[in-house]
Amino acid sequence: MQAAVVYVGDRLKRLRTLNALTQAELAEKAGLTTAAVARIERDEAEPRPSTLRKLAGALDVQPRELIEE
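In this report, we go over the structure that sits alongside the text. (Residues numbered from 1 in each chain as written. Predicted model: local features only at pLDDT ≥ 70, side-chain atom pairs only at ≥ 80, totals over all residues. Heavy atoms only, no water.)

## A short note on the packing of helix α1 (residues 9-18) against helix α3 (residues 34-41)
How two helices pack is summed up by the angle between their axes together with the distance between the axes. Here is the rule: Helix axes are fitted only over the stretch in contact, all axes being lines through C-alpha atoms; the angle between N-to-C directions runs from 0 to 180 degrees. For helices the rule is a DSSP run of H or I covering at least 4 residues; for strands it is a run of E covering at least 2, with both sets numbered from the N terminus onward. Should an angle fall under 35 degrees it is taken as roughly parallel, and over 145 as roughly antiparallel, whereas 65 to 115 is taken as roughly perpendicular and any remaining angle as oblique. Residues count as neighbours in contact if any of their non-hydrogen atoms are within 4.5 Å of one another. Charged means Asp, Glu, Lys or Arg here, nonpolar means Ala, Val, Leu, Ile, Met, Phe, Trp, Tyr, Cys or Pro, and polar covers whatever is left, Gly included.
Here α1 crosses α3 at 120°, and the two axes come no closer than 7 Å. By the angle between their directions, the pair α1 and α3 is classed as oblique. Mapping the contact onto sequence places Gly9, Asp10, Leu12, Lys13 and Arg16 in α1 and Val37, Ile40 and Glu41 in α3. Across the contact of α1 with α3, the residue classes tally to three nonpolar, one polar and four charged.

Here you go:
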């Protein structure tokens, strides 16, 4: 059985804009590249659990808020 692909782009972008952050600012806070944040927001890349934790920490939310519907 294959694991479900997790797309978090829309939720990530919504939380980022609610926090008034640019992709570059979020990337810096999370220790990622701006390109990585952009690819995740466009659902071109599925973030690893460690990346989800970094993004959630930078946005001051629980990782599940990026995943759950």
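## A look at the nonpolar core
As a reminder, the rule being used: Nonpolar cores are built from buried Ala, Val, Leu, Ile, Met, Phe, Trp, Tyr and Cys residues. Side-chain atoms within 4.5 Å join them into one set. Here's how the labels work: a residue is buried when its accessible area is under 20% of the maximum for its type, exposed when over 50%, partly exposed in between, all with a 1.4 Å probe on protein chains only.
Counting residues in each nonpolar core, the largest one holds 17 residues, and the members touching the most others are Leu12, Leu26, Ile40, Leu55, Leu59 and Leu66. At the level of elements, α1, α2 (23-30), α3 and α4 (49-59) are the ones that each hand at least two residues to this core. The leading source of residues in this core is α4, at five residues. Look past the residues within four positions of Leu55 in its chain and what remains in contact with it is Leu12, Leu26, Ala30, Leu32, Val37, Ile40 and Leu66.

## Let's talk about the pattern of salt bridges
How we decide: Salt bridges are defined by distance alone: a side-chain nitrogen of Lys or Arg within 4 Å of a carboxyl oxygen of Asp or Glu.
Counted under the stated rule, the structure contains two salt bridges. Among the salt bridges present, the one from Glu41 reaches Arg16, with a minimum N-O distance of 2.5 Å. Pair noted here: Glu41 is in helix α3 and Arg16 is in helix α1, with a separation of 25 residues, a long-range link. Pair check on accessibility: Glu41 and Arg16 agree, each one buried. Arg42 is the partner of Glu44 in a salt bridge, and the nearest nitrogen-oxygen pair spans 3.0 Å.

## Here's the deal with unusual backbone geometry
Notably, Ala20 is not glycine yet its phi reads approximately 55°, a positive angle. Assignment of secondary structure puts Ala20 in the loop between α1 and α2. For Ala20, a relative accessible area of 65% corresponds to the exposed category. Positive phi is not limited to glycine here, since Asp43 has a value of about 60°. Residue classification places Asp43 among the partly exposed positions, given a relative accessible area of 29%.

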